[in-house]
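# Analysis of the macromolecular model
Letter by letter, the chains look like this.
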Amino acid sequence: MPSPIRVTDFSRIVFFTGAGMSAESGVPTYRGKGGIWKEYDFESCACQEAFERDPDHVWEFHNYRRGLVRKCEPNEGHRLIARCEQVLPSVTVVTQNIDGLHQRAGSKRVHELHGSLWKLRCDRCGWRDEDFSAPVDDLLCPACKALAATTPRGTPVYKRPGIVWFGDSLSGSVVQASCQALDASDLMISIGTSAVVFPAAQLPVVAKRAGATLVEINPEDTPMSELYDHCMRSTATEALTELCQGLPSGS
Ligand code: APR
């Protein structure tokens, strides 16, 4: 049955996105058929312990993923969300995705709950970088390396991907900004998340308590489906095309 919802009937919209949002761009999801965690073991490549044990292996995995995502383009769904932000009063993206495709499609107000594949940091000296284009060939922190060259006892340390790995805490400021947007929303559209990773999976409850209309877009049921007023069992681009009917064209 077609959804009776149109984004143009709402003024404060939050798009809450997961890996299924980028599936039609060719980015593999984490779970289900072809999911990353079917092929890779997160305990050896996506947690702090693995990084301390074998940073080269962890970087091999992340450079592989950076290479893969770099070849992908935002899909029509990403573009529709970006257009919503251009033409509607208040639109925020709260995403679990680390691929940067919302920003590449033109979305400006994006809260990345799980960090970004394109951010790098050093936990020892605070150095940070965000470079979409380059593979990370030199794994050492440049600031620590420069210091080590002038200090006899200094040792350079590895750069760390700016991603929230298993066992890491989410950034307090990102969670706060996300909750503020959800609390103020009148429409919350969840797209392509299995809703099994906490605390992110719990965030739509904030919008529900605030009285927003909740829409879930996912070809499959999720453990959170009952929370939603409308469930659209189709892909991100199909469902967004329907919800965005009548949206004025952007600049
Ligand atoms: N359109 C919409 N949804 C889709 C599509 C599509 N084209 N293709 C797949 N999906 C749905 C799947 O049915 C599934 O429910 O997307 C969901 C993807 O689920 P996950 O792979 O578990 O991704 P996500 O929910 O984003 O994972 C959460 O887990 O490993 C961590 O940090 C990682 O941020 C990630 C978190």
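Computed from a predicted model, the values in this text were never measured in an experiment. (Residues numbered from 1 in each chain as written. Predicted model: local features only at pLDDT ≥ 70, side-chain atom pairs only at ≥ 80, totals over all residues. Heavy atoms only, no water.)

## Some thoughts on the site of the ligand
Near the ligand there are 21 residues, and of these Tyr 30, Arg 31, Trp 37, Thr 193 and Ser 194 occur at the shortest range. Between the ligand and Glu 24 there is a distance of 3.3 Å, counted from a nitrogen atom to a side-chain nitrogen or oxygen. With respect to the ligand, the backbone of Gly 192 contributes an N or O atom lying 3.2 Å from an oxygen atom. Bound to the protein, the ligand loses 90% of the 740 Å² it would expose on its own. A class-by-class count of the residues in the shell around the ligand yields 8 nonpolar, 10 polar and 3 charged. (Near = heavy atom within 4 Å. Polar contact = N/O pair within 3.5 Å; in protein donor to acceptor, adjacent residues only side chain to side chain. Areas by Shrake-Rupley, 256 points an atom, 1.4 Å probe, with all protein chains shown as cover. Nonpolar A, V, L, I, M, F, W, Y, C, P; charged D, E, K, R; others polar.)

## Focus: the pattern of salt bridges
Applying the stated criterion across every chain yields a total of 10 salt bridges. A salt bridge links Asp 138 to Lys 145, with the shortest nitrogen-to-oxygen separation between them at 2.5 Å. Taking the relative accessible area as the measure of exposure, Asp 138 reaches 32% and is therefore partly exposed. For Asp 168, the salt bridge identified is with Arg 160, shortest N-O distance 2.6 Å. Classification of Arg 160 as buried rests on a relative accessible area of 2%. Taken together, the shared-partner salt bridges in this structure form one network comprising Arg 121, Asp 123, Arg 160 and Asp 168. (Salt bridge = Lys/Arg side-chain N within 4 Å of Asp/Glu carboxyl O. Buried < 20%, exposed > 50% of the residue type's maximum accessible area, 1.4 Å probe, protein only.)

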